[in-house]
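Chain residues, written in single-letter form:
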Amino acid sequence: RDILLGRGRRAFWMEEIEYLWIAVVTGVGTFLAWPHLERHLGVKETDAWIDWGDAIGVGAFCVIGAMNGIRAGVPCVAAVVCGMFTATFGGVVRDVLMERPVRILHSYTNIYATTALSAGVRSRMGG
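Position numbers for residues start from 1 in each chain and track the written sequence from start to end. In keeping with the model being predicted, local features are shown solely for residues with a pLDDT of at least 70 and side-chain atom pairs are shown and tallied solely at 80 or more, while totals for entire chains, interfaces and linings include all residues. Just so you know, side-chain values use all the structure's heavy atoms and leave hydrogens and water out.

Enquirer: Can you walk me through the packing of helix 4 (residues 48–71) against helix 5 (residues 76–97) in this structure?
Expert: Between two packed helices, what matters for the description is the angle formed by their axes and the separation of those axes. It is the contact of helix 4 with helix 5, at a shortest axis distance of 6 Å, that shows an interaxial angle of 140°. As the angle between them shows, helix 4 and helix 5 are arranged oblique. In this structure, helix 4 crosses over helix 5, and the sense of that crossing is right-handed. On the side of helix 4, the interface is formed by D54, V58, F61, C62, G65, A66, G69 and I70, while helix 5 contributes A79, C82, G83, M84, T86, A87 and R94. Each residue is assigned to one of three groups, with Ala, Val, Leu, Ile, Met, Phe, Trp, Tyr, Cys and Pro labelled nonpolar, Asp, Glu, Lys and Arg labelled charged, and all others, Gly among them, labelled polar. Among the residues making up the contact of helix 4 with helix 5, the classes are represented as nine nonpolar, four polar and two charged. Between N-to-C directions, angles cover 0 to 180 degrees, with each direction set by a line fitted to C-alpha atoms, over the stretch in contact for helices. Each helix is a run of H or I in the DSSP string that is no shorter than four residues. Each strand is a run of E no shorter than two, and both are numbered from the N terminus. Note on terminology: angles under 35 degrees are roughly parallel, angles over 145 are roughly antiparallel, angles of 65 to 115 are roughly perpendicular, and the others are oblique. Helix crossings fall into two classes, left-handed where the near helix is turned counterclockwise from the far one by less than a right angle and right-handed where it is turned clockwise. Only heavy atoms matter for contacts: two residues are in contact if any of them lie within 4.5 Å across the pair.

Written as structure tokens, this is what we have:
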């Protein structure tokens, strides 16, 4: 997304370090806590609350991406697409690293990109 926005911008996490810290703390915390959650609380990868957490993350990152597009001064449609890219490509990286089918490329999984796109439209509309 930042490359598409151009103008010599660096990656957003280099300018806004809080997003890097959120990702690092969440990743390390999940990595360390997951074995305990599975063993003692019976948490599974297929539990519904994990999908809910994923949906909240998709929505949050969609709004962040759309806002970055707005700050870059791109047209409305491009800002919405920036939100969709930000929200969905993180999921692509996640699925590739976990050796799962990439969710946005398989029709038998959730409507991931469409949901992100609609969140981008809604955030761009101001509400």
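Enquirer: Is there a simple way to think about the pattern of salt bridges in this case?
Expert: The salt bridge criterion pairs a side-chain nitrogen of Lys or Arg with a carboxyl oxygen of Asp or Glu, the two atoms within 4 Å. One pass over the full model with this rule turns up one salt bridge. Residue R100 pairs with D95 through a salt bridge whose shortest N-O separation is 2.9 Å. Residue classification places D95 among the buried residues on the basis of a relative accessible area of 2%. Partly exposed describes any residue whose relative accessible area lies between the buried limit of under 20% and the exposed limit of over 50%, with all areas from a 1.4 Å probe on protein chains only and scaled to the type maximum.

Enquirer: Just to check I follow, could you spell out the confidence of the model for the protein for this structure?
Expert: It should be kept in mind that the predicted coordinates are not to be read in detail where pLDDT is low. Put simply, the protein has an average pLDDT of 77, and 75% of its residues get 70 or more. The weakest mean pLDDT in the protein belongs to helix 1 (residues 2–5) at 61; the strongest belongs to helix 3 (residues 17–41) at 86. One number per residue, pLDDT, summarises how confident the predictor is, and it ranges from 0 to 100.

Enquirer: Explain the environment of C62 to me, please; I cannot follow it from the model alone.
Expert: With respect to the helices and strands, C62 occurs in helix 4. The class of C62 is buried, set by a relative accessible area of 0%. In this structure the C-alpha to C-alpha distance between C62 and V81, which are 19 residues apart in sequence, comes to 9.0 Å.

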